[in-house]
There are 2 protein chains.
Amino acid sequence: MPINNVDLESVVGLVGAIQEDPSRASTTWSAAVSWTGGFRSEVRIRDFGPIPSDEPAGLGGTDTAPNPVEQLLGALGNCLAVGYAANASVAGLELKSLEIELSGDLDLHTFLGLANGHAGFRSIQARVSIESDASPEAIEALHEKVTATSPVGHTLGRAIPLVIDLATDQRTEAVA
Amino acid sequence: MPINNVDLESVVGLVGAIQEDPSRASTTWSAAVSWTGGFRSEVRIRDFGPIPSDEPAGLGGTDTAPNPVEQLLGALGNCLAVGYAANASVAGLELKSLEIELSGDLDLHTFLGLANGHAGFRSIQARVSIESDASPEAIEALHEKVTATSPVGHTLGRAIPLVIDLATDQRTEAVA
């Protein structure tokens, strides 16, 4: 069993392939969302089954699934978990357990149309609990590495260009 | 059956409550992530069952679930879907269907430790297909409203303060 159950050989293979051909580092990721009525929708990603989304009753939903801002926190936590597992394994550190608690504050005024301005999270906090026999210095170095290289962390911590377009054919159809 | 199956009464009730007491717009959302070995983890949100996360085999994972950056795209699409459903319903527009395709480009150099810099999505695109009898102008106005008020959209499109801390007790435990 490899350290932390991480398939380092694949990672090292990918690193080598990218060093030979840097264009192999360019990746594109996709998801498709279908609205299913009310505040419910579902996401399809590759061949995986649909994952549902809903809002709590207090926000007008039917409370059948986590809501989008909770999903965003989950994506950050999962991304950090991959980062700790990968970088710990490269450094030869064994993780016994890793738990991440995430939270974020959000003011509903803009979403509800009661004010202009920022509709999103004001800030996001993540608290990482690591159980390991590694030294505190090694854990701190791991932590610094992970936060400096997290794809979801950087996407949230920086302003990313978002292009949200209406499909033209549907607009045409709407005229018909 | 209310328009678009949206429980507008709850939304209007929340708006009224916030107008009486603006502090009721302050919300906090949470998620808890547990690493389960390799590049796998799971998220727990409120009382909902755990939602798994993994990486594709090419990235060293076991490909049992969508990965964190795909989950992030899904969260954006779900958030936009709530926005369209809510604002269409307030405007009295019936949506027959709503599909959102999302994609984002990501360069792996930083995540893999091959370069410093931005590890996240360079940009994110969402393509929204709406089927409705509403006029193109009404659909366009709906679209403008949604993109101006999307909590996940604004969280991605702006730089959000992220605080990622190691739990102190665990650091102490690591010394023991």
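This one's a predicted model, so the numbers in the text were calculated from it and none came from an experiment.

Section: the overall build of chain A
And then number 1: Scanning chain A from N- to C-terminus turns up five helices and six strands.
And then number 2: When the helices and strands of chain A are listed from N to C terminus, the series reads α-β-β-β-α-β-β-α-α-β-α.
And then number 3: Relative to a compact globule of 176 residues, whose C-alpha radius of gyration would be 16 Å, chain A shows 20 Å and is clearly more extended.
And then number 4: If one aligns the C-alpha atoms of chain A with their principal axes, the spans along those axes are about 60 × 40 × 30 Å.
And then number 5: At a minimum sequence separation of 6, the contacts of chain A that also span at least 24 residues come to 44%.

Some details on the sheet that holds strand E6 (residues 162–166) of chain B
And then number 1: Read from one edge of the open sheet, six strands run E3(B)-E2(B)-E1(B)-E4(A)-E5(A)-E6(B), paired in mixed fashion. In this open sheet, the two strands that pair with only one neighbour each are strand E3 (51–53) and E6 of chain B. The average undirected angle you get between the axes of adjacent strands in this sheet is 20°.
And then number 2: Two strands pair when backbone bridges link them, and strand E5 (residues 121–132) of chain A and E6(B) are joined in this way by five bridges, in the parallel orientation. Note on E6(B): the bridge partner recorded for A:Arg127 is B:Asp165.
And then number 3: This element, helix H2 (residues 68–90) of chain A, spans strand E4 (95–107) and E5 of chain A together with strand E1 (26–37), strand E2 (40–44), E3 and E6 of chain B of the sheet and lies at about 150° to E4(A).

A word on unusual backbone geometry
And then number 1: Notably, A:Asn4 is not glycine yet its phi reads approximately 55°, a positive angle.
And then number 2: If you trace the backbone, A:Asn4 turns up in the segment before helix H1 (8–20).
And then number 3: Classification of A:Asn4 as buried rests on a relative accessible area of 8%.
And then number 4: A positive phi is found at B:Arg46, a non-glycine position, where the angle reads about 45°.
And then number 5: With respect to the helices and strands, B:Arg46 occurs in the loop between E2 and E3.

Regarding the packing of H2(A) against helix H3 (residues 136–148) of chain A
Residue and element names in this part refer to chain A.
And then number 1: Look at H2 against H3: their axes get within 9 Å of each other, and the N-to-C directions meet at 130°. Between H2 and H3, the angle falls in the class oblique. Note on packing geometry: the crossing formed by H2 with H3 is right-handed. Seen from H2, the contacting residues are Leu-80, Gly-83, Tyr-84, Asn-87 and Ala-88; seen from H3, they are Leu-142, His-143, Lys-145 and Val-146.
And then number 2: A per-class count over the contact of H2 with H3 returns five nonpolar, three polar and one charged.

A word on the interface of chain A and chain B
And then number 1: Tallying the contact residues gives 132 residues for chain A and 132 residues for chain B.
And then number 2: Summed over both sides, the interface between chain A and chain B buries roughly 11,200 Å², with carbon and sulfur atoms accounting for 64% of that surface.
And then number 3: The three residues of chain A that bury the most area against chain B are A:Trp29, A:Trp35 and A:Ile164, which together make up 8% of that side's buried surface.
And then number 4: Our count for the contact surface shared by chain A and chain B stands at 48 residue pairs in polar contact (both at pLDDT 80 or more).
And then number 5: Per-element accounting of the side of chain A that touches chain B gives the leading share, 19 residues, to H2(A).
And then number 6: A per-class count over the side of chain A that touches chain B returns 67 nonpolar, 44 polar and 21 charged.
And then number 7: Here nine bridges tie strand E1 (residues 26–37) of chain A to strand E4 (residues 95–107) of chain B, and the two strands are oriented antiparallel to one another. Within E4(B), the residue paired with A:Thr27 across the bridge is B:Leu106.

As for the relation of the copies chain A and chain B
And then number 1: At an RMSD of 0.0 Å, chain A and chain B line up after a rotation of 180° and a shift of 0.0 Å along the axis. Put plainly, the chains are arranged around a two-fold axis. For chain A, the smallest separation between a C-alpha atom and the rotation axis is recorded for A:Ala159, amounting to 2.2 Å.
And then number 2: Interface overlap between copies: 100% of the residues of chain A at the interface are likewise at the interface in chain B, consistent with a symmetric, same-surface contact.

Digging into the environment of B:Gly16
All names here are of chain B.
And then number 1: Among the structural elements, Gly-16 can be located in helix H1 (residues 8–20).
And then number 2: Under the relative-accessibility criterion, Gly-16 is labelled partly exposed at 26%.
And then number 3: Residues Gly-16 and His-154 lie 138 residues apart in sequence; the distance between their C-alpha atoms is 24 Å.

Re the confidence of the model for chain A
Residues and elements named next belong to chain A.
And then number 1: Residues with a pLDDT of 70 or more make up 95% of chain A, whose mean pLDDT is 94.
And then number 2: Segment residues 171–176: pLDDT under 50, and eight contacts once partners within four positions in sequence are set aside and those in other chains are kept.
And then number 3: Across the interface, the model reports ipTM at 0.95; the global pTM reads 0.95.

Quick notes on H2(A)
Residue and element names in this part refer to chain A.
And then number 1: Taking 1.5 Å per residue as the helical rise, H2 with its 23 residues ought to reach 33 Å, and the 33 Å between its terminal C-alpha atoms agrees with that figure.
And then number 2: Along H2, 22 of the 23 residues are buried, which leaves the element largely enclosed by surrounding structure.
And then number 3: Near the N-terminus of H2, the side chain that reaches the backbone nitrogen of Val-69, with its oxygen 3.2 Å away, is that of Asn-67.
And then number 4: Just past H2, the residue Gly-92 takes up positive phi, approximately 75°.

Parameters and conventions
- Residues numbered from 1 in each chain as written.
- Chains lettered and ligands numbered in written order.
- Predicted model: local features only at pLDDT ≥ 70, side-chain atom pairs only at ≥ 80, totals over all residues.
- Heavy atoms only, no water.
- Helix = DSSP H or I, 4+ residues; strand = E, 2+ residues; numbered from the N terminus.
- Rg over C-alpha atoms; globule rule 2.2 N^0.38 Å.
- Contact = heavy atoms within 4.5 Å.
- Pairing = 2+ DSSP bridges.
- Axes fitted to C-alpha atoms, helices over the stretch in contact; angles between N-to-C directions.
- Buried < 20%, exposed > 50% of the residue type's maximum accessible area, 1.4 Å probe, protein only.
- Parallel < 35°, antiparallel > 145°, perpendicular 65-115°, else oblique.
- Left-handed = near helix turned anticlockwise from the far one by under 90°.
- Nonpolar A, V, L, I, M, F, W, Y, C, P; charged D, E, K, R; others polar.
- Buried area = accessible area lost by both parts, 1.4 Å probe.
- Polar contact = N/O pair within 3.5 Å; in protein donor to acceptor, adjacent residues only side chain to side chain.
- Least-squares fit on C-alpha atoms with pLDDT ≥ 70 in both.
- pLDDT = per-residue confidence, 0-100.
- Expected span 1.5 Å × (residues − 1).

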